[in-house]
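Descriptive structure summary
These are the residues of each chain, in order.
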Amino acid sequence: MVGLSPHLILRTARADTIHDETEDMGWTGNVLFDRLVGSTIYTCTAGEYGRLGSNKLVQGVCDHLQFQSKAFNKPYPIPVGGSNGIGSWGYINGVDELMNQLQSMRDSSPSFALDHVVFATGSGGTAAGIALGLSLAYGKLGEGHPAAEGHSSPSVHAVGVCDSPDYFYNTVAALATDMGLAIDSAAMEEFVRNSVTVHQGKGRGYAVSSNEELDFIVQFSVETGIALDPVYSGKALFHFLTKVVEEDPESYRNSNILFWHTGGALGIYEKGVDLADRLESVSSVKRIDIYQTKTSSTDKVVDLSS
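Here goes a summary of the coordinates provided. In this text, all values refer to a predicted model and were calculated from it rather than measured experimentally.

The geometry of helix H5 (residues 85-105) relative to helix H6 (residues 125-137) is characterised by a closest axis approach of 7 Å and an angle of 45 degrees between their N-to-C directions. Classified by the angle between their axes, H5 and H6 sit oblique to one another. Note that H5 runs across H6; the crossing there is right-handed. Each of Ser88, Tyr91, Ile92, Val95, Leu98 and Met99 in H5 lies in contact with H6, whose residues at this interface are Gly125, Thr126, Ala128, Gly129, Ile130, Leu132, Gly133, Leu134, Leu136 and Ala137. When its residues are assigned to classes, the contact of H5 with H6 shows 11 nonpolar, five polar and no charged.

Shown next as structure tokens:
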């Protein structure tokens with residue numbers, strides 16, 4: 001792939017059955033895309049992942065490639081979620097794009113302002129990039145973006161789909177340091193907590209969906225035409241609307257709230273079976289009959305024979 005060979009670590013409860021060949025890896029969702037580009041996939045269980053941690057697993061695979069297989073001289077490690085100083089700069093650029101869009105909008109609506117920015121976070125990189133990007137844009141860490149002039153900074157909300165809020169605050173602080181923000185540790189913690197509010201939104205657990213979450217994803221898709229994945233954006237928006245907003249509706253009434261959809265739509269394919277009954281109720285299939293030969297119930301046939 002563009003001169004690079006992708007090597008991916010997959011945490012799955014099926015690691016042993018896949019290895020024993022009693023179960024196939026499969027070709028669904030992200031796995032299909034990963035295999036389509038020629039990835040080598042290394043499996044481990046959740047327990048093994050938890051015991052070693054993602055950083056040691058990534059470094060272990062890099063060492064294997066460099067020193068044992070000798071097939072690759074310079075493996076480049078990317079942490080889980082791409083959450084490091086380099087990866088988080090992507091969302092700094094994303095905030096710059098957002099501010100340019102706001103500037104264009106204010107040509108016709110000069111008073112328009114964002115009150116809240118909301119997004120999912122799973123490994124901390126998104127939270128670090130957006131929180132720091134908005135701090136830069138609104139002059140908390142410099143002179144700011146022209147579109148922010150005369151406007152207050154929006155409140156930033158990261159909805160964690162795993163781990164605890166304290167984990168994300170600590171991760172964002174570490175990433176900010178990695179990105180070059182020079183603040184002592186005590187001031188850094190205060191800065192991070194003032195820059196972003198992390199909400200606990202994992203529900204039943206990472207990548208585990210409740211019936212209410214799946215109902216919400218289907219309803220949202222039908223009403224807006226926008227697909228939310230069940231692991232990140234769907235879980236985060238469900239929690240924000242049904243928990244955060246409902247518990248304090250006055251804080252959000254008449255507010256302009258931007259929900260930042262961070263992708264992940266391939267993850268919805270993993271929930272196809274769970275979604276099946278819900279989709280039957282919102283999406284029907286009908287047979288076109290142009291010869292008046294179909295005998296099925298009329299609600300399943302469209303007669304175009306005349």
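Continuing now.
Let us look at the packing of helix H9 (residues 211-224) against helix H10 (residues 233-247). Following both chains from N to C, one finds H9 and H10 inclined at 100 degrees, their axes separated by 10 Å at the closest point. Classified by the interaxial angle, the pair formed by H9 and H10 is roughly perpendicular. Taken together, the residues of H10 that come into contact with H9 (itself represented by Glu212, Glu213, Phe216, Ile217 and Phe220) are Gly234, Lys235, Leu237, Phe238 and Leu241. Its residues assigned to classes, the contact of H9 with H10 shows six nonpolar, one polar and three charged.

Another aspect to go through is the side chain of lysine 271. Inspection of the secondary structure puts lysine 271 in the loop between strand E6 (257-260) and helix H11 (272-282). For the buried lysine 271, no salt bridge is present, and the opposite-charge side chain at shortest range is aspartate 274, 4.4 Å distant. Not counting residues up to four positions away in its chain, the partners in contact with lysine 271 are Ala207, Val208, Ser209 and Pro230.

Below, the discussion takes up the nonpolar core. Core analysis: the largest hydrophobic core is formed by 51 residues, its most contacted members being Met99, Phe119, Ile130, Leu134 and Val192. Among the elements that line this core, the one with the most residues is H6, at seven residues. Setting aside chain neighbours within four positions, we find methionine 99 in contact with Ala137, Tyr138, His145, Ala147 and Ala148.

The subject of this paragraph is the packing of aromatic side chains. Evaluated as defined, the whole model comprises six aromatic pairs. Consider the rings of tyrosine 206 and tyrosine 232, whose centres lie 5.9 Å apart with planes at 70 degrees: the pair is edge-to-face. Taken together, the residues span a long stretch of sequence, with tyrosine 206 in the loop between strand E5 (197-200) and H9 and tyrosine 232 in the loop between H9 and H10 at a distance of 26 residues. Tyrosine 206 sits in the partly exposed class, given a relative accessible area of 32%. Judged by relative accessible area, tyrosine 232 falls into the partly exposed class, the value being 28%. When the centroid spacing of 5.7 Å and the interplanar angle of 65 degrees are considered together, the rings of phenylalanine 216 and phenylalanine 238 count as edge-to-face. Residue phenylalanine 216 is found in helix H9, and its partner phenylalanine 238 is found in helix H10; the two are separated by 22 residues along the sequence. Phenylalanine 238 gets classed as buried once you look at its relative accessible area, which sits at 14%. Taken together, Phe216, Phe220 and Phe238 form an aromatic cluster joined through their ring pairs. Across the ring face of tyrosine 49, the terminal group of arginine 11 is positioned such that the distance to the ring centre comes to 4.5 Å. Between the NZ or CZ atom of arginine 35 and the centre of the ring of tryptophan 27, over which it lies, the distance is 3.9 Å.

A surface patch of negative charge is lined by Asp16, Asp20, Glu21 and Glu48. For aspartate 16, the location among the structural elements is in helix H1 (residues 15-19).

Relative to the helices and strands, glutamine 68 is located in helix H4 (residues 54-68). Among the residues examined, glutamine 68 registers a relative accessible area of 62% and is labelled exposed. Between the C-alpha atom of glutamine 68 and that of tyrosine 138, which follows or precedes it by 70 residues, the distance is 49 Å.

Another aspect to go through is empty space enclosed by the protein. Under the defined criterion, the tally for this structure stands at one cavity of 30 Å³ or more. Of the residues forming the lining of the largest cavity, the biggest block, three residues, is contributed by H6. Classifying every residue of the lining of the largest cavity gives three nonpolar, three polar and one charged.

Another point: the environment of lysine 243. One can find lysine 243 in helix H10. For lysine 243, a relative accessible area of 40% corresponds to the partly exposed category. As a C-alpha pair, lysine 243 and aspartate 96 span 147 residues in sequence and 30 Å in three-dimensional space.

Once that is clear, we can look at a nonpolar patch on the surface. On the surface, Ile288, Ile290, Tyr291, Val302 and Leu304 cluster together into a nonpolar patch covering about 500 Å² of accessible area. Mapping leucine 304 onto the fold places it in the segment after strand E8 (301-303). Under the relative-accessibility criterion, leucine 304 is labelled partly exposed at 46%.

A word on the pattern of salt bridges. In a structure, side chains of opposite charge can pair up when their charged atoms sit close to one another. One pass over the structure, following the stated rule, counts six salt bridges. Here lysine 235 ties to glutamate 213 by a salt bridge, and the two come within 3.1 Å at their closest N and O atoms. Within this pair, whereas lysine 235 is found in helix H10, its partner glutamate 213 is found in helix H9, the two being separated by 22 residues in sequence. Residue classification places lysine 235 among the buried residues on the basis of a relative accessible area of 0%. We note a salt bridge from glutamate 250 to arginine 253, for which the minimum N-O separation is 2.6 Å. Using a relative accessible area of 55% as the deciding quantity, one classes glutamate 250 as exposed.

What counts and how
- Residues numbered from 1 in each chain as written.
- Predicted model: local features only at pLDDT ≥ 70, side-chain atom pairs only at ≥ 80, totals over all residues.
- Heavy atoms only, no water.
- Axes fitted to C-alpha atoms, helices over the stretch in contact; angles between N-to-C directions.
- Helix = DSSP H or I, 4+ residues; strand = E, 2+ residues; numbered from the N terminus.
- Parallel < 35°, antiparallel > 145°, perpendicular 65-115°, else oblique.
- Left-handed = near helix turned anticlockwise from the far one by under 90°.
- Contact = heavy atoms within 4.5 Å.
- Nonpolar A, V, L, I, M, F, W, Y, C, P; charged D, E, K, R; others polar.
- Buried < 20%, exposed > 50% of the residue type's maximum accessible area, 1.4 Å probe, protein only.
- Lys, Arg positive; Asp, Glu negative; His and termini not counted.
- Salt bridge = Lys/Arg side-chain N within 4 Å of Asp/Glu carboxyl O.
- Core = buried A, V, L, I, M, F, W, Y, C linked by side-chain atoms within 4.5 Å.
- Phe/Tyr/Trp six-rings, centres within 6.5 Å; stacked < 30°, edge-to-face > 60°.
- Lys NZ or Arg CZ within 6 Å of the ring centre and 35° of its normal.
- Patch = residues over 30% accessible without salt bridge, like charges linked within 9 Å, V, L, I, M, F, W, Y side chains within 5 Å.
- Areas by Shrake-Rupley, 256 points an atom, 1.4 Å probe, with all protein chains shown as cover.
- Charge placed at Lys NZ, Arg CZ, Asp CG, Glu CD.
- 1 Å grid on protein atoms, 1.4 Å probe; cavity = no way out; pocket = protein on both sides within 12 Å on 5 of 7 lines; lining within 4 Å.
- Points joined across faces, edges and corners; volume = space filled by probe spheres on them.

In short, geometric facts, not functional conclusions.
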